[in-house]
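# A look at the structure
Residues per chain, in single letters:
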Amino acid sequence: MEPVTLSTERLLLRPVGPGDAGAVLAACQDPEIQRWTGVPSPYLPEHARTFAGKIAPAAWASGAEYVFGAFLADPGRRGGAGDLVACLGLRSRGQDTFELGFWAVKEHRGRGHVTEAALALCHWAFEALGAARVEWRAGLGNDASRAVADRCGFVHEGVLRQAIVSGGVRHDAWIASLLPADLDERTPAVGAAL
């Protein structure tokens, strides 16, 4: 699929690219991102350059994962995007199923940006990718991630034993899913641009 840009009331979601390496590097210095995600620790400049310049674009090209940066909408800036507030991805799990993953920039947490972006990506997955199911997984105890999933309407299905790896260690994970019928009709529409 060709890369797309999505817009919400406050955000611009676009594919992560080489120009985002600095913002990704700064965000991934946060110990909470390193604790709850699979990013390397310590997170070095070469990790950010490889992720933003090679891994994320290659994942888009192959259809394995669609990685978006969520940026504050800023019409006064070139490209209409302000600061990076989150990074989100939809990874193909096969059989019309995608897994939603995300992290938020520390300075922008608690403002509903991740929920807004996650809902936009779920709508896009159902409408543009033909998804029948979007899954969310997070390590037990990652209450901030669970709160986002809850606000998006994900239905909790249980615990997967030793299902995720963080810091080189396997951990139990919550799993929840969202089906097209689960989306609240009051959820705002998402605008797409090329």
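Note: the structure precedes this text.
Below is a short write-up of the structure.

Reading the values: rules and limits
Residues numbered from 1 in each chain as written. Predicted model: local features only at pLDDT ≥ 70, side-chain atom pairs only at ≥ 80, totals over all residues. Heavy atoms only, no water. Helix = DSSP H or I, 4+ residues; strand = E, 2+ residues; numbered from the N terminus. Rg over C-alpha atoms; globule rule 2.2 N^0.38 Å. Buried < 20%, exposed > 50% of the residue type's maximum accessible area, 1.4 Å probe, protein only. Contact = heavy atoms within 4.5 Å. Lys, Arg positive; Asp, Glu negative; His and termini not counted. Charge placed at Lys NZ, Arg CZ, Asp CG, Glu CD. Polar contact = N/O pair within 3.5 Å; in protein donor to acceptor, adjacent residues only side chain to side chain. Salt bridge = Lys/Arg side-chain N within 4 Å of Asp/Glu carboxyl O. Pairing = 2+ DSSP bridges. Core = buried A, V, L, I, M, F, W, Y, C linked by side-chain atoms within 4.5 Å. Axes fitted to C-alpha atoms, helices over the stretch in contact; angles between N-to-C directions. Parallel < 35°, antiparallel > 145°, perpendicular 65-115°, else oblique. Left-handed = near helix turned anticlockwise from the far one by under 90°. Nonpolar A, V, L, I, M, F, W, Y, C, P; charged D, E, K, R; others polar.

### So, the overall build of the protein chain
- The helix and strand tally for the protein chain stands at 5 helices and 9 strands.
- Listing every helix and strand of the protein chain by position from the N terminus yields β-β-α-α-α-β-β-β-α-β-α-β-β-β.
- For the protein chain, whose C-alpha radius of gyration is 16 Å, the value lies close to the compact-globule estimate of 16 Å for 194 residues.
- Counting only C-alpha atoms, the protein chain reaches 45 × 40 × 35 Å along its principal axes.
- Counting all 194 residues of the protein chain, 46% fall into the buried class.
- Taking as baseline every contact in the protein chain between residues at least 6 positions apart, the subset at least 24 positions apart corresponds to 59%.
- Side-chain charges of the protein chain comprise 19 positive and 22 negative groups, with the mean position of each set lying 6 Å from the other.

### Description of the environment of His-47
- As for its position among the elements, His-47 is in helix H3 (residues 45-62).
- A relative accessible area of 25% means that His-47 is categorised as partly exposed.
- Along the sequence, His-47 and Ala-21 sit 26 residues apart, while their C-alpha atoms lie 8.7 Å from each other.
- In contact with His-47, not counting residues within four places along its chain, are Pro-40 and Pro-42.

### Here we look at the environment of Glu-116
- Mapped onto the fold, Glu-116 is located in helix H4 (residues 113-128).
- Sequence spacing of Glu-116 and Ala-70 is 46 residues, and the spatial spacing of their C-alpha atoms is 9.6 Å.
- Setting aside anything within four residues of it in sequence, one finds Glu-116 in contact with Thr-8, Glu-9, Arg-10 and Leu-11.
- Of the polar contacts made by the side chain of Glu-116, one reaches the backbone nitrogen of Glu-9; its length is 3.5 Å.

### Details of the pattern of salt bridges
- Under the definition given, this model contains 10 salt bridges.
- For Glu-135, the salt bridge identified is with Arg-93, shortest N-O distance 3.7 Å. Taken together, the residues span a long stretch of sequence, with Glu-135 in strand S6 (residues 133-139) and Arg-93 in strand S4 (residues 81-94) at a distance of 42 residues.
- The partly exposed category is assigned to Arg-93, whose relative accessible area is 39%.
- Where Arg-137 meets Glu-135, a salt bridge forms, and the shortest distance between an N and an O atom there is 3.0 Å.
- Each of Arg-93, Glu-99, Arg-133, Glu-135, Arg-137 and Glu-157 takes part in one network of salt bridges that share partners.

### Quick word on the pairing of strand S7 (residues 155-166)
- Bridge analysis of S7 against strand S8 (residues 169-178) gives 8 bridges, and the strand direction is antiparallel. Paired with Val-165 across the strands is Arg-170, a residue of S8.
- Hairpin connection between S7 and S8: a loop of 2 residues separates the two successive antiparallel strands, and Gly-167 in this loop has a positive phi of roughly 65°.

### Description of the nonpolar core
- Residues Phe-68, Leu-88, Leu-90, Leu-100, Trp-124 and Phe-154 are the most contacted members of the largest nonpolar core, which totals 38 residues.
- Among the secondary structure elements, those contributing two or more residues to this core are strand S2 (11-15), strand S3 (65-73), S4, strand S5 (97-104), H4, S6, helix H5 (143-152) and S8.
- When residues in this core are grouped by element, the largest group, 9 residues, is from H4.
- Setting aside chain neighbours within four positions, we find Phe-68 in contact with Val-4, Leu-6, Leu-13, Arg-14, Pro-15, Val-16, Trp-60, Ala-86, Cys-87, Leu-88, Leu-121 and Trp-124.
- Counting 20 residues, the second largest nonpolar core, distinct from the first, contains Val-24, Tyr-43, Phe-51 and Val-105.

### Re the packing of H4 against H5
- One way to put it is that H4 packs onto H5 with a least axis distance of 9 Å and a crossing angle of 50°. It follows from the interaxial angle that H4 and H5 lie oblique. Considering how the two elements wind past one another, H4 and H5 form a crossing that is right-handed. On H5, the residues that touch Val-114, Thr-115, Ala-118 and Leu-119 of H4 are Val-148, Arg-151 and Cys-152.
- When the residues that make up the contact of H4 with H5 are grouped by side-chain class, the tally is 5 nonpolar, 1 polar and 1 charged.

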